[in-house]
Amino acid sequence: MTSFSQTLTLPNGQRLSNRIAKSAMSERLGDADHAPSEELIRLYERWGRGGAGLLITGNVMIDHAALGESGNVAVDDRRALPALTAWAQAAKADGSKVWMQINHPGRQSPRTLVARPVSASAVPLKGEARLMFARPRALEEDEIEAIIARFATTAAIAEEAGFDGVQIHGAHGYLINQFLSPHTNRRQDAWGGDPERRRRFVLEVVRAIRRTVRPGFSVGLKLNSADFQKGGFDDGESVAVVEALDAEGLDLIEVSGGTYESAKMFEETVPTRDSSRRREAFFQGYVEMVRERVRTPLMLTGGLRTRGGMEHARENGVDVVGLARPIALEPDLPARLLDGSAQAARPVRLATGFRSLDSVIQGSWYQTQIDRMGRGLEPNPKLGRLLPVLRYFRPRRSTRWTPRPAAVQPQPAASARA
């Protein structure tokens, strides 16, 4: 038995059947009303058969008026409850637990969707990202409290729909990360000015959700180890946040890193030697630094591609290994890692050497594989680079989910004396 074949009982009592999780990826398969589409439900039915003990959905926005991308699912009321229920049921059908990742984009809402986004402070994105995102305005205190309440509302609806938990997205430069980072949080009030006040927002979000859901419903959080930019959220401040979150009784903390300005989380690596395994996981060193300080289970995503790298992570403080892009290409990879028939993810080489171009190529290539599964097809490892890029920028149309007709139950035959 591998170390990632073991079950894991989370602090709230929820049990994962193994230590492999599908980490969140942006599916962009919401319908025109930002509800789960037929394609999104079909996609998770496929991933549910892949063997991972935990499936974490892509971004579900807590406000229809604050989207991170076209095609996001947004949940701020019960209007899409039947489709959400179908989504949860499809993902869980083969025994995986499924958590909804819930998020507010803050300033990382494209100007094509939101003309004036909000953030902790009025700090625009830098570099090429500035072309995509408009300058944000700083949130008022009553707006901050309303957003905290929205997180709790979305979590309650997820629980009602049958999801096993939620993962709060506190990484990758989205709103919670914007409050945590001294680069984007320039406030001098109760929500900023020093590390303690900068982390108040995320703590209040966690507390609001905990007050709203049942004890057996899992609450996790995705957190940056660092933002990897000057003056941003660094590993020292991140460790202090993890220690504060540990006291709140979270069920799982996923470690990641980077923002749209410094996209460490999207880097591609293809380890080729045993000596590289220690470096395979992007944020392994951070996990080892915090492991002895907290009791909360830790999940590590980013760079993991080989059985050896995953075993090394498990032996050095990681409770759950997260896979994202590898299972966009190989949805059954978790099952094959667990039964020993796979030693590594299939290598994918898409890089051209031009970083901005590579980001578009890689994102659109994996998005196309996700789209294929949503249409009931298998991923295509021979897919070229150009066609996915062209498809990525054309308008997306996802099919509205419709309830399946109930099976007609056979009626007992009429007796001769009737």
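Numbers given for residues are sequential positions, taken from 1 along each chain in its written order. In keeping with the predicted nature of the model, local features appear solely for residues at pLDDT of at least 70, side-chain atom pairs appear and are counted solely at 80 or more, and the whole-chain, interface and lining totals rest on all residues. Excluded from the side-chain calculation are hydrogens and water; included are all heavy atoms of the structure.

1. Considering the nonpolar core
Core analysis: the largest hydrophobic core is formed by 102 residues, its most contacted members being F151, F201 and I209. Going along the chain from the N terminus, every DSSP run of H or I of four or more residues is numbered as a helix, and every run of E of two or more is numbered as a strand. Among the elements that make up this core, the one with the highest residue count is helix 4 (residues 141-161) (nine residues). For this analysis, residues touch if any pair of their heavy atoms sits within 4.5 Å. The residues contacting I209, other than those within four sequence positions of it, are I102, F151, A152, A155, V166, I168 and V219. In terms of nonpolar packing, the next biggest core, distinct from the first, is built from eleven residues, L8, A24, I56 and V320 among them. Throughout, nonpolar core names a set of buried Ala, Val, Leu, Ile, Met, Phe, Trp, Tyr and Cys residues whose side chains join them through atoms within 4.5 Å. The classification of residues rests on relative accessible area computed with a 1.4 Å probe and restricted to protein chains. Under 20% of the type maximum is buried, over 50% is exposed, and intermediate values are partly exposed.

2. With respect to unusual backbone geometry
Unlike most non-glycine residues, R28 shows phi in positive territory, near 55 degrees. Here R28 shows up in the loop between strand 3 (20-22) and helix 1 (38-48). In this structure R28 comes out as buried when scored by relative accessible area, which is 9%. The phi torsion at H172 lies on the positive side, around 60 degrees, for a residue other than glycine. Structurally, H172 can be placed in the loop between strand 10 (165-170) and helix 5 (175-180).

3. What about the confidence of the model for the chain?
pLDDT measures the predictor's confidence residue by residue and takes values from 0 up to 100. Per-chain confidence: the chain averages 90 in pLDDT, with 92% of residues scoring 70 or above. In the model, residues 407-418 has pLDDT below 50 throughout and makes zero contacts with residues more than four positions away in sequence or in other chains.

4. Looking at the pattern of salt bridges
Any Lys or Arg side-chain nitrogen located within 4 Å of an Asp or Glu carboxyl oxygen qualifies as a salt bridge. Applying the stated criterion across every chain, the model contains 23 salt bridges. Linking E378 and R46 is a salt bridge whose minimum nitrogen-to-oxygen distance equals 2.9 Å. Within this pair, whereas E378 is found in the loop between helix 14 (355-374) and helix 15 (386-392), its partner R46 is found in helix 1, the two being separated by 332 residues in sequence. With a relative accessible area of 42%, E378 lands in the partly exposed category. For R46, a relative accessible area of 8% translates into the label buried. Of the charged contacts in the structure, one is a salt bridge between D63 and R150, with a shortest N-O distance of 3.7 Å. Pair noted here: D63 is in the loop between strand 5 (60-61) and strand 6 (73-74) and R150 is in helix 4, with a separation of 87 residues, a long-range link. Its relative accessible area of 15% is what places D63 among the buried residues. With relative accessibility at 30%, the residue R150 sits in the partly exposed group. One salt-bridge network, held together by shared partners, links D63, D76, D77, R79 and R150.

5. Let's talk about the packing of helix 1 against helix 2 (residues 81-92)
Whenever a helix is involved, its axis is fitted only over the stretch in contact; in every case the axis is a line through C-alpha atoms, and angles between N-to-C directions fall within 0 to 180 degrees. Where helix 1 contacts helix 2, the two axes come as close as 7 Å, and the packing angle between them is 20 degrees. In terms of orientation, helix 1 and helix 2 fall into the roughly parallel class. Read as a crossing pair, helix 1 and helix 2 show a hand that is right-handed. Across from L40, I41, Y44, E45 and G48 in helix 1, the residues of helix 2 making contact are A83, A86, W87, A90 and A91. Gly is placed with the polar residues, together with every amino acid not listed as nonpolar (Ala, Val, Leu, Ile, Met, Phe, Trp, Tyr, Cys and Pro) or charged (Asp, Glu, Lys and Arg). Its residues assigned to classes, the contact of helix 1 with helix 2 comprises eight nonpolar, one polar and one charged. Roughly parallel means an angle under 35 degrees; roughly antiparallel, over 145; roughly perpendicular, 65 to 115; everything else is oblique. Crossings are assigned a handedness: left-handed for a near helix turned anticlockwise from the far helix by less than a right angle, right-handed for a clockwise turn.

6. As for a negative patch on the surface
A contiguous patch of negative charge on the surface is contributed by E140, E141, D142 and E145. Turning to its location among the elements, E145 is positioned in helix 4. Residues with no salt bridge and a relative accessible area higher than 30% make up the patches, which join like charges within 9 Å and nonpolar side chains (Val, Leu, Ile, Met, Phe, Trp, Tyr) within 5 Å. For the area figures, the Shrake-Rupley method with a 1.4 Å probe applies, and any residue is considered shielded solely by the protein chains shown. When charges are counted, neither His nor the chain ends are considered; positive counts come from Lys and Arg and negative counts from Asp and Glu. A charge is said to be at NZ when it belongs to Lys, at CZ for Arg, at CG for Asp and at CD for Glu.

7. Quick word on the pairing of strand 7 (residues 97-103)
With six of its seven residues buried, strand 7 lies for the most part within the structure. Two strands qualify as a pair provided that DSSP identifies no fewer than 2 bridges between them. Sheet topology places strand 4 (residues 54-56) next to strand 7; three bridges connect them, and they run parallel. Across the sheet, L55 pairs through a bridge with V98, a residue of strand 7. In the sheet, strand 5 pairs with strand 7 via two bridges, with the strands oriented parallel. Residue pairing for strand 7: M61 is matched across the bridge by N103. Where strand 7 meets strand 10, four bridges bridge the pair, whose relative direction is parallel. Each bridged residue has a counterpart across the sheet, and for W99 the counterpart in strand 10 is G165.

8. Things to note about the packing of helix 2 against helix 4
Their axes nearest at 8 Å, the elements helix 2 and helix 4 cross at an angle of 65 degrees. Relative to helix 4, helix 2 is oriented so that their crossing is right-handed. Where helix 2 approaches helix 4, its residues L81, L84, T85 and A88 are matched on the opposing element by I157, E160 and A161. Partitioning the contact of helix 2 with helix 4 into residue classes produces five nonpolar, one polar and one charged.

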